[in-house]
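# Descriptive structure summary
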Amino acid sequence: MLNIARIRNGIVIDHIKAGQGIKVFNWLGLDRASYTVAFVVNASSKRMDKKDIIKIDNTIVINFDILGLIDPNITVNIIEDGAVTRKIKLRLPQRVENVLSCKNPRCITATEGYIAHIFYLDNPERRTYRCEYCDELRAAGDFI
Ligand SMILES: [Zn+2]
């Protein structure tokens with residue numbers, strides 16, 4: 001693997017499925033970052049064939065529910081004073097509000113703009129979510 005300068009205080013987002021890193025990078029708005037960000041694509045991995053990694057040399061706020069929605073197999077390490085102080089295990093959130101939107105034109109969320117788009121986890125294996133109002137299914141990856 002490439003040798004990247006260690007970060008002192010920040011976040012390492014690891015085990016991103018190869019090719020998906022750009023989604024996470026864009027979702028976090030890292031193209032506009034004023035701090036150091038290392039974005040590695042197609043790194044070798046023991047656990048996976050290839051993976052993407054994002055190292056952020058800053059403590060930013062990340063919504064781990066949404067990161068879990070992108071891919072629950074991603075791992076997050078929090079770095080303080082150059083050492084890993086916390087490992088965060090992601091999961092598919094049970095409920096998401098105003099993240100996925102319903103595509104059913106007859107759904108109440110389509111006709112009444114003020115109603116929140118609420119989805120519940122339907123099938124964890126397939127990573128599908130079900131609209132609270134009309135039962136329309138959406139894939140977890142559809143929002144990004
Ligand atoms: Zn709906």
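Everything numeric here is computed off the predicted structure, so don't read it as measured data.

## A few points about the overall build of the protein
What the protein contains, in helices and strands, is three helices and nine strands. In the protein, the succession of helices and strands from N to C terminus is β-α-β-β-α-β-β-β-α-β-β-β. Within the protein, contacts between residues separated by at least 24 positions form 58% of all contacts whose residues are at least 6 apart in sequence.

## Things to note about the domain arrangement of the protein
Segmentation of the protein into domains returns domain 1 (10-89) and domain 2 (95-139). Domain 1 and domain 2 are separated by 27 Å when their C-alpha centres are compared.

## Side note on unusual backbone geometry
Phi is positive for Asp81, close to 50 degrees, though the residue is something other than glycine. Checked against the element boundaries, Asp81 lands in the loop between strand S4 (75-80) and strand S5 (83-89). Judged by local crowding, Asp81 falls into the exposed class, with 7 C-beta atoms found within 10 Å. Residue Asp135 is not a glycine yet carries a positive backbone phi of 70 degrees. Residue placement: Asp135 occurs in the loop between strand S8 (128-131) and strand S9 (137-139). Exposure remark for Asp135: the 12 C-beta atoms within 10 Å place this residue in the exposed category.

## Some thoughts on the nonpolar core
Ranked by size, the top nonpolar core spans 24 residues in total, and within it Ile13, Val24, Ile54 and Val96 carry the most contacts. Put simply, the parts of the chain that give this core at least two residues each are strand S1 (10-17), helix H1 (21-27), strand S3 (50-56), helix H2 (64-70) and S8. Residues from two domains meet in this core; each of domain 1 (10-89) and domain 2 (95-139) gives at least three. Those residues within four positions of Val96 in sequence are excluded, and the remaining contacts are Asp65, Leu69, Phe119 and Tyr129.

## Some points on the sheet that holds strand S2 (residues 37-44)
Hydrogen bonds between backbone atoms are what pair the strands of a sheet, whose relative direction is either parallel or antiparallel. Reading across from one edge, S2-S3-S1-S4-S5 is the order of the five strands in this open sheet, with antiparallel pairing throughout. Edge positions in the sheet fall to S2 and S5, since each has one partner strand and no second. Across the sheet, the mean angle separating the axes of adjacent strands is 20 degrees when strand polarity is ignored.

## Here's the deal with the sheet that holds S8
Read across the open sheet, the four strands follow the order S6-S7-S8-S9; overall the sheet is antiparallel. In this open sheet, the two edge strands, each paired with only one partner strand, are strand S6 (95-97) and S9. Adjacent strand axes in the sheet meet at a mean angle of 35 degrees when their direction is disregarded.

## Observations regarding the pairing of S5
Burial within S5 is sparse, with just zero of its seven residues counted as buried. In this sheet, S5 lies alongside S4 in antiparallel orientation, the contact comprising six bridges. Looking at the pairing, Ile79 lines up with Val84 of S5.

## A look at the environment of Asn123
In this fold, Asn123 is placed in strand S7 (residues 118-123). Between the C-alpha atom of Asn123 and that of Ala139, which follows or precedes it by 16 residues, the distance is 9.6 Å.

Criteria and cut-off values
Residues numbered from 1 in each chain as written. Predicted model: local features only at pLDDT ≥ 70, side-chain atom pairs only at ≥ 80, totals over all residues. Helix = DSSP H or I, 4+ residues; strand = E, 2+ residues; numbered from the N terminus. Contact = placed C-beta atoms within 7 Å. Domains from an automatic or database assignment. Buried ≥ 20, exposed ≤ 12 C-beta atoms within 10 Å, placed from the backbone. Core = buried A, V, L, I, M, F, W, Y, C linked by C-beta atoms within 7 Å. Pairing = 2+ DSSP bridges. Axes fitted to C-alpha atoms, helices over the stretch in contact; angles between N-to-C directions.

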